[in-house]
Amino acid sequence: MTNALWPLCDRGRSVVGGLLGTYGVDYLFLIGAQGLLVSCGGQLGPSLPRARTLRDLVHPEEYPPLWARVSGGDAAVPVPLPPFRVRGPEDGWHWLQGSSLNLLEHPEVGVTVLSAHDVTALKAAQLEQDALGTLLRQTTAGQGLRHLLADLVRTADEQVPHHFCAVFLWQDGLRLAAAPGAPQDFAALFPDWPEDAPAPATGPWSAGSLPAQVTPAALAAPLRRRGVAEVMSMPLLGRHGQYLGAVALYRRNSGPLTPGAAEVLAHARRLVTVATEQHRLTRQLDHQAHHDMLTGLPNRRLFTERLRRTLGALRPPGQRPGLMFLDLDHFKEINDTLGHPAGDEVLRLTAGRLAACLRPHETLARLGGDEFGVILPQTDEAAAARLAQRLLAALSPPLRVGEAELYLGASIGILLATDPGQDVQTALRYADIAMYRAKQRRNTFVFFEAEMTRQSGERLHLVSLLRRAVPRPHETFGVLYQPQVRLEDGVRTGSEALLRWTLPDRGPVPPDLFIPLAEETGLIVPLGEWVLAQACAHGAAWSPGAALSVAVNVSALQFARTDFAATVRCWLERSGLDPARLELELTERVVLDDVGRSAARMAELRALGVRLALDDFGTGYSSLSCLSRLPLDTLKVDRSFVRGVHADAASGAVVRAIVGLARSFGLRTVAEGIETPEEYRALRDLGCETGQGYLLGLPEAPAAGEGAGPSGAARPPV
């Protein structure tokens, strides 16, 4: 089957392969817009003639109704298809039967999936018996399996008078699924097959090792005292020999079975097998369309449907429907550092821990990425708070993934619906707003309050202002330069360029407010290039004799662009800045997303002559093997280790380790956020070479560095 999936991405292949891989379909068609045939695979698909569109393969008589169902189906809803013919390898026609699933809007698939079995031989038998052929076509009409099986059995009963047929399906044992012509008390002799079963299960046997309870004698035993002396049974076997159940033919009175009964039963068995497998596949596709493949939890589609029913249901006084959005904190760092397989395992383990906290009538769903949702049909504020605490507590023990021991936190937004019949989209938006507020503090939960909608509106307004400001950055943006000082003697060695935004009607906007918005919207790319251009121009204007470096932060989106090195070269050439005086700062998250690709991109930058620094070092998952592959010049010690380093033995040990690591790799160290003389002395004594922070100098306007440039000496901080 995988030969048909090559046009898809890895995740897309995983999605479709998970749907169909265990069924061994004969034909698997991936169909693009307007019926374009993207690929054709499956066990028999490669033998078909080459074709550009589905129309080129399908018989002209069957194509119009087939295409109407394939193209008219709702997104992610399985659509059973009528039998249709396709061209064979030698100008013959093959009869196929299957289902389609519209995944055109799926971000990782983008095609309609049509899977089918070859039913040519079966169709030949059906053409000899029109009645049986009609019933086979009904298997694609969306009728319930029990109804279809009953119709098939009635047709078999008509072929052999004085007999009756019965179908047994395996569901934790053989269960009676259809026997419309049986005596009145026949059904009471066997367990009933549940119509609402997810799909007929398969027994653990193949044709050669069937258990005694499915033999003709065993199926006849309950009827011996009722005068049934003869029974013929045949096992129902799937395409790979898996046991699905049995079909049996009973004689109503004494005497041998009617001649030809075996052929009738064989035809019935073939049709029942096709109907049962089609039902299995359809139910499996339907389950897949409403559940997350990775965790098995309901997906956003099913979650939304259940939430709509919950919001509209009646409930006792004092009880309200509750909705929770849960987002894992810093999950992207796990994916970036340990890889997506490790991230997937974390999501599976997380889903298990969260599910263990819920009651059967409550719904847990994976909404996408690292976001989960919870529906509470009846709750109150105290109960919802207790559940949120249990969920956070369930995530607190470390997770073992491979050799890594990971600690997770989560941010939970909670909505208690107050308006009867509140619409689903509003409820989802309110829970999302509360979760966004919780993420500002991390590993906590926040209840939605009406005031949050105003704050969310302000955020949207700020994004709008940002979009208008970025095309004209000189009007409201500016670049300040924070001194970097050699700790040994207090001499200034360079500056870090810091972006600032000032609005006429509200004054300065905090960087930790607008920079994340710029990253979310992609505006950080043009804005970051403008900062780079300004820093190069200002650095070039400083006195060459000062030999001061200028450091510029690089966002993940900037670094990911294939033309980033060319952009840096452009502004170096335009400004005339010596490349050796430019240092580009990259965070661990940016670099470790793909170490091999990052190393190649960094090598391009180093070839220009610029210096490279790893920012916020120690806060991610860097490893020695990663550092050895990266062409770095500087490690920047994160401010979280600098704060109180003189009094915190653990922070001191971390800084000492980072300094020693940097020296072993021939790198210099820069400590961020130095604010007290005690921190300065501790860092100097630990061997850190350079530092920056409010103690050593506030960010200053570029005018202070023009002409002669910033002073080479800073006032001694101690």
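Only a predicted model underlies this, so the values are computations on that prediction, with no experimental measurement involved.

Each value, and the rule that gives it
Residues numbered from 1 in each chain as written. Predicted model: local features only at pLDDT ≥ 70, side-chain atom pairs only at ≥ 80, totals over all residues. Heavy atoms only, no water. Phe/Tyr/Trp six-rings, centres within 6.5 Å; stacked < 30°, edge-to-face > 60°. Helix = DSSP H or I, 4+ residues; strand = E, 2+ residues; numbered from the N terminus. Buried < 20%, exposed > 50% of the residue type's maximum accessible area, 1.4 Å probe, protein only. Lys NZ or Arg CZ within 6 Å of the ring centre and 35° of its normal. Pairing = 2+ DSSP bridges. Contact = heavy atoms within 4.5 Å. Axes fitted to C-alpha atoms, helices over the stretch in contact; angles between N-to-C directions. Expected span 1.5 Å × (residues − 1). Salt bridge = Lys/Arg side-chain N within 4 Å of Asp/Glu carboxyl O. Core = buried A, V, L, I, M, F, W, Y, C linked by side-chain atoms within 4.5 Å. Parallel < 35°, antiparallel > 145°, perpendicular 65-115°, else oblique. Nonpolar A, V, L, I, M, F, W, Y, C, P; charged D, E, K, R; others polar.

Explain the packing of aromatic side chains to me, and be specific about the residues and the numbers.
Per the counting criterion, the structure on display carries 14 aromatic pairs. Here the aromatic rings of Phe168 and Phe190 are separated by 5.0 Å at their centres, their planes lie at 65 degrees, and the arrangement is edge-to-face. Separated by 22 residues along the polypeptide, Phe168 in strand E7 (residues 163-170) and Phe190 in the loop between strand E8 (174-178) and helix H7 (216-220) bring together distant segments of the chain. Taking the relative accessible area as the measure of exposure, Phe168 reaches 0% and is therefore buried. Look at Phe190 and you get buried, because its relative accessible area is 13%. Relative to Phe447, the ring of Phe445 has its centre 6.1 Å away and its plane inclined at 85 degrees; by these criteria the two rings are edge-to-face. Counting every residue linked through ring pairs, the aromatic cluster contains Phe164, Phe168, Phe186, Phe190 and Tyr250. Across from the ring centre of Trp571, 4.6 Å away, lies the NZ or CZ of Arg574, which sits over that ring. The aromatic ring of Phe559 is capped on one face by Arg601, whose charged end is 5.9 Å from the ring centroid.

How would you explain the pairing of strand E24 (residues 634-637) if you had to name every residue and give the values?
Covered by surrounding structure in E24 are Thr634 and Lys636 together with Leu635 and Val637, the residues of both alternating faces. Taken together, the three bridges between strand E23 (residues 611-617) and E24 define a ladder with parallel strand orientation. If you follow Leu614 over to E24, its bridge partner there is Leu635. When E24 meets strand E25 (residues 668-671), the two strands line up parallel, connected through four bridges. Across the sheet, residue Thr634 finds its bridge partner in E25, namely Arg668.

Account for the environment of Glu362, with residues named and values stated.
Residue placement: Glu362 occurs in the loop between helix H11 (340-355) and strand E12 (363-368). A relative accessible area of 10% means that Glu362 is categorised as buried. Along the sequence, Glu362 and Leu376 sit 14 residues apart, while their C-alpha atoms lie 5.3 Å from each other. The residues touching Glu362, leaving out its near neighbours within four places in the chain, are Ile375, Leu376 and Pro377.

An account of the side chain of Thr444 is requested, with residue identities and associated values reported.
Here Thr444 is to be found in strand E17 (residues 444-447). Residue class for Thr444 comes out buried when judged on its relative accessible area of 18%. With sequence-adjacent residues up to four places away left out, Thr444 is seen in contact with Leu392, Ala410, Ser411, Ile412 and Ala438.

Before we move on, can you summarise the sheet that holds strand E16 (residues 410-416) with the specific residues and values?
Judged by pairing direction, the sheet is mixed, and its five strands sit side by side in the order E12-E13-E11-E16-E17 without closing on themselves. Each having just a single partner strand, E12 and E17 make up the two edges of the open sheet. Within this sheet the neighbouring strands show an average axis-to-axis angle of 20 degrees, counted without direction. Against the sheet, helix H9 (residues 300-312) touches strand E11 (320-328), E12 and strand E13 (371-379), its axis set at about 20 degrees to E13.

Break down H11 for me, citing the residues and quoting the values.
The end-to-end C-alpha separation of H11 is 22 Å, in line with the 22 Å expected for 16 residues at 1.5 Å each. Residues of H11 that are buried: Ala342, Gly343, Asp344, Val346, Leu347, Thr350, Ala351 and Leu354.

An account of the side chain of Ser100 is needed here, citing residue identities and associated values.
With respect to the helices and strands, the residue Ser100 is situated in strand E5 (residues 93-103). Dropping the residues within four chain positions of it, Ser100 is found in contact with Arg69, Val70, Val77, Pro78, Val79, Leu81, Thr112, Val113 and Leu114.

Account for the sheet that holds strand E9 (residues 231-237), naming residues and giving values.
The strand order across the open sheet built from four strands is E8-E7-E10-E9, with neighbouring strands paired in antiparallel fashion. The outermost strands of the open sheet, each flanked by one partner alone, are E8 and E9. Each strand axis lies, on average, 30 degrees off the axis of its neighbour in the sheet, ignoring direction. One ladder, built from four bridges, connects E7 with E8; its direction is antiparallel. Each residue of the ladder has a partner; that of Trp170, found in E8, is Leu174. With respect to the sheet, helix H6 (residues 145-159) is in contact with E7 and E8, its orientation differing from that of E7 by roughly 150 degrees.

Account for the pattern of salt bridges, with residues named and values stated.
Two side chains that carry opposite charge are able to pair once their charged atoms sit near each other. Applying the stated criterion to the full structure yields 26 salt bridges. The salt bridge partner of Lys636 is Glu585, with a shortest N-O separation of 2.8 Å. Residue Lys636 is located in strand E24, and its partner Glu585 is located in strand E22 (residues 582-587); the two are separated by 51 residues in the primary sequence. Like Glu585, Lys636 is buried. Here Arg684 and Asp685 are joined by a salt bridge, their closest N and O atoms 3.7 Å apart.

Which residues make up the nonpolar core, and what are the values?
Counting residues in each nonpolar core, the largest one holds 79 residues, and the members touching the most others are Phe477, Trp501, Val568, Leu582, Leu584 and Leu605. Apart from residues lying up to four places away in sequence, Trp501 is in contact with Leu462, Leu465, Leu466, Ala469, Thr476, Phe477, Gly507, Pro508, Val509 and Phe514. Of all hydrophobic cores here, the second largest spans 36 residues; its members include Phe331, Ala351, Leu364 and Leu391.

I'd like a rundown of the environment of Thr112, residues and numbers included.
For Thr112, the position within the fold is in strand E6 (residues 111-118). Accessibility expressed as a relative area gives 5% for Thr112, which makes it buried. Separated by 11 residues in the primary sequence, Thr112 and Leu101 place their C-alpha atoms 5.6 Å from one another. With sequence-adjacent residues up to four places away left out, Thr112 is seen in contact with Phe29, Leu30, Ile31, Val70, Ser100, Leu101, Asn102, Leu103 and Leu104.

Tell me about the packing of H9 against helix H13 (residues 424-439), and please be specific about residues and values.
For the pair H9 and H13, the least separation of the axes is 10 Å and the interaxial angle reads 105 degrees. Classified by the angle their axes make, H9 and H13 are roughly perpendicular. Between H9, through Phe303, Thr304, Leu307, Arg308 and Leu311, and H13, the contact on the second element is made entirely by Val424, Ala427 and Leu428. Residues belonging to the contact of H9 with H13 are distributed by class as follows: six nonpolar, one polar and one charged.

Bear in mind that shape data such as this cannot, by itself, settle questions of function.
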